[in-house]
There are 2 protein chains.
Amino acid sequence: MSAEEPLLYERVARLVEAQIASGALRGNERIPSVRSMSRTAKVSISTVVQAYLHLENIGLIEARPQSGFYVRPPMRATVPPPRPKVSRSRRPISIAAETLDTCREALARPDILQLNGAFTSPTLYPNQRLNNLIREVLRDHPAHAGECLLPPGHEELRRQVAKRMTFAGAPADPAHVVITSGTMDAITMSLQVLCKAGDTVLVESPTYFGVLQVVEYLGLKVVEVPNHTSTGIDVDAVRNIARTTRLAAAVLMPNFNNPTGSVTPDDAKREIVAILSAAEVPIIEDDIYGDLHYGNTRPTSLRAYDDAGLVITCGSVSKTIALGYRIGWAVTPQFHADIARAKFFSSVACPTLQQLVLARYYASGGYDRYLRRVRTTLAANSQSAVDAIVRYFPPGTRVARPSGGIVLWIELPAGVDGVELFRTALASRIGIAPGLVFSAKADYRNYIRISCGMLWTPTIERAIEKLGRLVAGIAKAA
Amino acid sequence: MSAEEPLLYERVARLVEAQIASGALRGNERIPSVRSMSRTAKVSISTVVQAYLHLENIGLIEARPQSGFYVRPPMRATVPPPRPKVSRSRRPISIAAETLDTCREALARPDILQLNGAFTSPTLYPNQRLNNLIREVLRDHPAHAGECLLPPGHEELRRQVAKRMTFAGAPADPAHVVITSGTMDAITMSLQVLCKAGDTVLVESPTYFGVLQVVEYLGLKVVEVPNHTSTGIDVDAVRNIARTTRLAAAVLMPNFNNPTGSVTPDDAKREIVAILSAAEVPIIEDDIYGDLHYGNTRPTSLRAYDDAGLVITCGSVSKTIALGYRIGWAVTPQFHADIARAKFFSSVACPTLQQLVLARYYASGGYDRYLRRVRTTLAANSQSAVDAIVRYFPPGTRVARPSGGIVLWIELPAGVDGVELFRTALASRIGIAPGLVFSAKADYRNYIRISCGMLWTPTIERAIEKLGRLVAGIAKAA
């Protein structure tokens, strides 16, 4: 069985997905019975059951007792997705450092329920397989501690990374890949290579706070374009800013933006690349969540539309198989030599052992099977978390419904301070991320981000229930 | 046997060392016979032999056939140490990027004799022990790939690093240690924390080219103070510059400067810290080679003289036990929280596995026994390399005689271009580092740096012979 070929049950699931997408099957409509689908698709009953359970896991259909499977009604009517804040200030204000420090410290606390980190549950990781590969490498490279795989990094790992870019619609040359210490290392070095202090960088609002911090460290200015929960990066805003502002680079997260979870549609991606290329603005694409799509198709990389070679795609293994390995990459036809140089001078190289192990892991072909399992779990978790928020949060709450990734972006009722909720929740040993850290202007005061990477348990459900009560309490007092 | 207690043979060696240092034993003088020393020191014959072989290895004495051991004559008369270039320009000029790229690429070439890198031979590493510890950690932490040891990093490793600072005369609080991806990562982040673009940083001339590159990436200016091959950092120059120039930080390498190999004496260290502290200039101390002293005593850290808490000591395992692990640290009472924050935002964390393994390795106590063996080998290598240079290089050559570290700094006869030698040597598959990359002003045109970290073999001797012929050829043509 080829790892790339869809499995039988996936083909069946896609049939149903396509019908829902086209509107042939609408909300609350009954989908074909297992038996009739088995005849239509010429597959076994158990394959259809597997397909339907998968569709249920990713939230597209639901089982109704004694009746069969139905298309899940869109929930927008009861809890709509959060609205973006539109802001175009060119004067970044420093994000409340204290809040960020408290966030960071909370991540290291073993006594709290970690709904604050954007991590996949480590229990999902292919730990046994990876550990066996480590033992293999110890046998084959007993002196690995003395070997330094200098930038651009281990050749076979670069080959594997380049190969996998095909799934994002953007096959790459292994010579264009530089191995880094995770995605943020790739983004930081890209910014160092492309910008000098005082330059202006385009970012999304909201966006991952680490990007904003690095931009601040490097003495750069930011200009923000909205990221809409349902439609992704605002193309018109990009066009306007490219027309009026001299940009040194853009840092964009078109696939499962952190925190909104949105995917920017392919047409918009093509247009954004065209607009910024015409203005000769290099794009640093943060593709860290790209592999974690709930549906069957991986969203495309901006590099798929990049004729000018100005896109640097950054990714890592941190959200998928090995957060603790600290290995990522930058893929760029134009800037790979500069980034390799920056890597050498700022931290010499990435650890040898992890590079050797990951190259073997990818080459061994188990990754796609593994990913399928993780994606199904994340999709189910995400749905369960949305359901719990709908159930337990007070009216006026809005929640995103991402089609991939590990986080949920929640807009609280007007007047509810996300930082207050963050502190109150921490006192109840529940970690969340307050919205204001996700923009340079400290917008999103009444927003929070929670993780859906952990395995769904009654404990998590109770924590969300508790959060709902805290929100209601703050709303009442406001 | 305590790891810290000197061994019997070391005590004997120290007796002789002290007599040479005090002048009681002079060059070419015969030292006590093995038999008489055995009686005097009340130790066995074999202990004395071990002591004398050690002293021979580190270049203090030499065996003369049929005659006994003699104090090695100072060789300054025939091949003196290189002279420093005194330069105080505040306008850094970019180091020839092409030369640096060629240097970096040469390091990755398996077909050349690597006299260019400053690495200890990996065959000296405690590989088996480290690999067994990895297997242990895999058993105890099977899910380590999912664990992230967030900055400041693994607590037990920080405790071990802090404890070892005692050997450098500067005991530290584990809370003041931040684990980093090697020494350069620690230096880079320290600079980011302390400086903003346009600020001026004090560096040595010559100094490690990586520091100059990072300074350039961060948009900083440099002002240089001489590092003298025999007396280390020029205190007067530091005083003058501190008086006239507003400095944001200093990056200093008082212990086995790369490339000169010099150690700055304790009194000078004390004075430098006092001068810079009075001017409120934080010092980033690059102590990467501190553990590799050829004699018995580790040189002190600048932190030993630091009442104001302005010194950040940076080090790593890269030169001692595990280049491929990419683990280092910054030790600082004042800036640890800022560096931990910078680490989190620029690359999140260091790999979990290596942190767990190194904590166990240091705790297990084998490191000091191991270091003793490596230091003896490096001392012997260094002496052999100096001897070969004396033998094979043309008159007009000067060579440093370091008392620790992995490199030799060589001044070629006037008019011999180190870059030309670098290129010619590369064509003969011998890697060296040209002098001009070691200063921001591209001084040191007729200097080179070679490594003495590899095990001494006839191949290396022949390579140095070849280099000598190439130097002579270039000198003739000049």
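Residues numbered from 1 in each chain as written. Chains lettered and ligands numbered in written order. Predicted model: local features only at pLDDT ≥ 70, side-chain atom pairs only at ≥ 80, totals over all residues. Heavy atoms only, no water.

### Section: helix α11 (residues 336–347) of chain A
All names here are of chain A.
Moving on, step 1. Over its 12 residues, α11 extends 16 Å from the first C-alpha to the last, a length consistent with the 16 Å expected when each residue adds 1.5 Å.
Moving on, step 2. All buried positions along α11 are accounted for by Ile339, Ala340, Arg341, Ala342, Lys343, Phe344, Phe345, Ser346 and Ser347.
Moving on, step 3. Of the residues trailing α11, Val348 is marked for its positive phi of about 70 degrees. (Helix = DSSP H or I, 4+ residues; strand = E, 2+ residues; numbered from the N terminus. Expected span 1.5 Å × (residues − 1). Buried < 20%, exposed > 50% of the residue type's maximum accessible area, 1.4 Å probe, protein only.)

### Side note on the nonpolar core
Moving on, step 1. Within the largest apolar cluster, 195 residues are counted, with the highest numbers of intra-cluster contacts made by Tyr52, Tyr325, Ile450 and Leu467 of chain A together with Tyr52, Tyr325 and Ile450 of chain B.
Moving on, step 2. Once residues within four sequence positions are removed from consideration, Ile450 of chain B is found in contact with Leu115, Ile389, Ile406, Val407, Leu408, Ile410, Ile432, Ile464 and Leu467 of chain B. (Core = buried A, V, L, I, M, F, W, Y, C linked by side-chain atoms within 4.5 Å. Contact = heavy atoms within 4.5 Å.)

### Digging into the sheet that holds strand β12 (residues 398–399) of chain A
Residues and elements named next belong to chain A.
Moving on, step 1. Taken in spatial order, the 4 strands of this open sheet run β12-β13-β16-β15, and their pairing is antiparallel. The strands lining the two open edges of the sheet, one partner per strand, are β12 and β15 (433–434).
Moving on, step 2. As defined by bridge partners, β12 adjoins strand β13 (residues 407–411) across 2 bridges and the pair is classed as antiparallel. Looking across to β13, one finds that Val399 is bridged to Ile410.
Moving on, step 3. Relative to β13, helix α13 (residues 367–392) is tilted by about 20 degrees, and along the sheet it contacts β12, β13 and β16 (447–451). (Pairing = 2+ DSSP bridges. Axes fitted to C-alpha atoms, helices over the stretch in contact; angles between N-to-C directions.)

### Structural notes on the interface of chain B and chain A
A common way to express how large an interface is: the accessible area buried when the components associate.
Moving on, step 1. Taken together, the contact pairs 58 residues of chain B with 57 residues of chain A.
Moving on, step 2. For the pair chain B and chain A, the two sides together bury roughly 4700 Å², of which 63% comes from carbon and sulfur.
Moving on, step 3. The tally of links between chain B and chain A comes to 2 salt bridges.
Moving on, step 4. Applying the counting rule to chain B against chain A returns 22 residue pairs in polar contact (both at pLDDT 80 or more).
Moving on, step 5. For the side of chain B that touches chain A, the elements supplying multiple residues, two or more each, are α4 (97–107), α5 (127–140), α7 (183–194), α8 (209–217), α11 (336–347) and α12 (352–364) of chain B. (Buried area = accessible area lost by both parts, 1.4 Å probe. Salt bridge = Lys/Arg side-chain N within 4 Å of Asp/Glu carboxyl O. Polar contact = N/O pair within 3.5 Å; in protein donor to acceptor, adjacent residues only side chain to side chain.)

### Considerations on the relation of the copies chain B and chain A
Moving on, step 1. For the match of chain B to chain A, the screw axis carries a shift of 0.0 Å, the RMSD comes to 0.2 Å, and the turn is 180 degrees. What the rotation and shift describe, once combined, is the action of a two-fold rotation axis. The rotation axis passes nearest to the C-alpha of Ala197 of chain B in chain B, at a distance of 3.0 Å.
Moving on, step 2. Most of the interface of chain B is mirrored in chain A: 98% of its interface residues are interface residues there too. (Least-squares fit on C-alpha atoms with pLDDT ≥ 70 in both.)

### Some details on the side chain of Asp286 of chain A
Residues and elements named next belong to chain A.
Moving on, step 1. Mapped onto the secondary structure, Asp286 falls in strand β9 (residues 283–286).
Moving on, step 2. Although buried, Asp286 forms no salt bridge, and the nearest oppositely charged side chain, Lys319, lies 8.6 Å from it.
Moving on, step 3. Of the polar contacts made by the side chain of Asp286, one reaches the backbone nitrogen of Ile288; its length is 3.2 Å. (Lys, Arg positive; Asp, Glu negative; His and termini not counted.)

### Topic: the side chain of Glu285 of chain A
Residues and elements named next belong to chain A.
Moving on, step 1. By the element assignment, Glu285 lies in strand β9.
Moving on, step 2. Lys269 provides the closest opposite charge to the buried, unpaired Glu285, separated from it by 5.8 Å.
Moving on, step 3. Here the side chain of Glu285 touches Thr313 through a polar contact of 2.8 Å, side chain to side chain.
Moving on, step 4. In contact with Glu285, not counting residues within four places along its chain, are Leu252, Pro254, Asn255, Thr300, Ser301, Leu302, Arg303, Val311, Ile312, Thr313 and Cys314.

### A closer look at the environment of Ala379 of chain A
Moving on, step 1. Tracing the sequence through the fold places Ala379 of chain A in helix α13.
Moving on, step 2. Apart from residues lying up to four places away in sequence, Ala379 of chain A is in contact with Asn57, Ile58 and Tyr294 of chain A.

### So, unusual backbone geometry
Moving on, step 1. Across the junction of Asn258 of chain A and Pro259 of chain A, the peptide omega takes the value 25 degrees, indicating a cis bond.
Moving on, step 2. Mapped onto the elements of the fold, Pro259 of chain A is located in the loop between β8 (249–252) and α10 (266–278).
Moving on, step 3. Residue Pro151 of chain B is joined to Pro152 of chain B through a cis peptide bond whose omega torsion reads 10 degrees.
Moving on, step 4. Unlike most non-glycine residues, Arg429 of chain A shows phi in positive territory, near 60 degrees.
Moving on, step 5. Its place among the elements puts Arg429 of chain A in the loop between α14 (418–427) and β14 (430–431).
Moving on, step 6. You will see that Val348 of chain B, though not glycine, has its phi angle at about 70 degrees, which is positive.
Moving on, step 7. Secondary-structure assignment places Val348 of chain B in the loop between α11 and α12.
Moving on, step 8. Here Val348 of chain B falls in the buried class, since its relative accessible area comes to 14%.

### Structural notes on the domain arrangement of chain A
Residue and element names in this part refer to chain A.
Moving on, step 1. According to the domain assignment, chain A contains domain 1 (8–71), domain 2 (97–123 + 369–477) and domain 3 (126–365).
Moving on, step 2. Each of domain 2 and domain 3 was reduced to a C-alpha centroid, and the two centroids are 25 Å apart.
Moving on, step 3. Taken residue by residue, the interface counts 30 residues in domain 2 and 32 residues in domain 3.
Moving on, step 4. Contact with domain 3 buries area across many residues of domain 2, yet Tyr370, Arg375 and Phe438 alone supply 23% of it, more than any other trio.
Moving on, step 5. In this structure, the connection of domain 2 to domain 3 is made through 0 salt bridges.
Moving on, step 6. At the surface where domain 2 touches domain 3, the tally comes to 13 residue pairs in polar contact (both at pLDDT 80 or more).
Moving on, step 7. Looking at the side of domain 2 that touches domain 3, the elements with two or more residues in it are α13 and β13.
Moving on, step 8. Tallying contributions element by element places α13 first for the side of domain 2 that touches domain 3, with 8 residues.
Moving on, step 9. Looking at the side of domain 2 that touches domain 3 residue by residue, the class counts come to 20 nonpolar, 6 polar and 4 charged. (Domains from an automatic or database assignment. Nonpolar A, V, L, I, M, F, W, Y, C, P; charged D, E, K, R; others polar.)

### Topic: the pattern of salt bridges
Moving on, step 1. Tallied over the full model, the rule gives 44 salt bridges over all chains.
Moving on, step 2. When the shortest N-O distance is used, the salt bridge between Asp291 of chain A and Arg298 of chain A registers 2.8 Å.
Moving on, step 3. A relative accessible area of 15% places Asp291 of chain A in the buried class.
Moving on, step 4. We classify Arg298 of chain A as buried; its relative accessible area is 13%.
Moving on, step 5. Asp417 of chain B is the partner of Arg445 of chain B in a salt bridge, and the nearest nitrogen-oxygen pair spans 3.7 Å. Of this pair, Arg445 of chain B sits in the loop between β15 (433–434) and β16 (447–451) while Asp417 of chain B sits in the loop between β13 (407–411) and α14 (418–427); the two residues are 28 residues apart in sequence, bridging distant segments of the chain.
Moving on, step 6. According to the relative accessible area criterion, Asp417 of chain B is partly exposed, its value standing at 24%.
Moving on, step 7. One continuous salt-bridge network, built from bridges that share partners, spans Asp101 and Arg104 of chain A together with Asp338 and Arg341 of chain B.

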